[in-house]
Amino acid sequence: MRSPALIIFTILINPTAYALKAHTANYQLSINGFKVAKEVRTLHKLDKHYFYTANAITSGLVALIKDYSIAASSTFSTNRQGVNAIHYQIIEQEDGKLVKNYAIDIHSKNHTVVSILTKTQPRIKTWQSKSGNIVDPLSLFLALSNDLEYNPNQSIFTYQVANGKSIEQHQYKRTNGHLIKINKQSVKAIKVNRINANNNIEAYFLPKYQYLPVLIEQNKGNKRYTYTLTGLQIKNKVKDKLQVSF
């Protein structure tokens, strides 16, 4: 067994020793229990950086009524503080027409986030951040995955989240030992919920699956949004099909 001193020394000489693994994750989005969309999230390792994409499209009966898609991408690196975003973009389309397009460059060392000109963002804006890493809405859950794995004794996690419209301060609380079912077998998951915010988010992460979220739930008004992991392919490993429930 490696001693604590050796582990600390390894971190100091190699701040990116804790590397996220390339993978493809499939999610099912439901609203009030009704399936409305499917999403594919893919993480690529590019030398010292990561490239993370999410592509969601309407599915089932909803696709017959409305053709809606969301494509988002995040480029980020990792350091001793965890995930640190570099670039973020999101494009939303409805029936082939552009609804929203935000793009930002993130410079955490300079404490700034700068927008990029798009059709729905016609003016360049600059936001000032606090010291420390910055994440975006897409890399946020990977930041949580990374921190849950490598900071097992930490219960509160704080992030600066740049979304193209502002920089928000997020706080999340960790609790262990919540039972959920994966393929009809009970397993213990780590529950994370956002605190000090109006929009409550609950997410369940499994160490077995690279500390990725297997279930995300959020209430907005009278609607309950649920993201459920349905498949996971980690690079150089066998693809898993999952059925997640409480």
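Residues numbered from 1 in each chain as written. Predicted model: local features only at pLDDT ≥ 70, side-chain atom pairs only at ≥ 80, totals over all residues. Heavy atoms only, no water.

## Section: the nonpolar core
Ranked by size, the top nonpolar core spans 51 residues in total, and within it F76, L144, Y159, F205 and V214 carry the most contacts. If you tally residues by element for this core, the top one is helix α3 (residues 140-150), at 6 residues. Residue contacts for F76: discarding those within four places in its chain leaves L20, L43, H49, Y50, Y52, V83, N84, A85, I86, S139 and L142. (Core = buried A, V, L, I, M, F, W, Y, C linked by side-chain atoms within 4.5 Å. Buried < 20%, exposed > 50% of the residue type's maximum accessible area, 1.4 Å probe, protein only. Helix = DSSP H or I, 4+ residues; strand = E, 2+ residues; numbered from the N terminus. Contact = heavy atoms within 4.5 Å.)

## Describing the side chain of N84
Summarising the element assignment, N84 is placed in strand β5 (residues 82-94). Look at N84 and you get buried, because its relative accessible area is 10%. Those residues in contact with N84, other than ones at most four positions away along the chain, are F76, S77, N79, S108, N133 and I134.

## Observations regarding the environment of T42
Its place among the elements puts T42 in strand β2 (residues 34-46). For T42 and T24, which are 18 residues apart along the polypeptide, the C-alpha to C-alpha distance reads 4.3 Å. Apart from the residues within four sequence positions on either side, T42 is in contact with H23, T24, F51, Y52 and T53.

Geometric descriptors of this kind do not, in isolation, establish any biological role.
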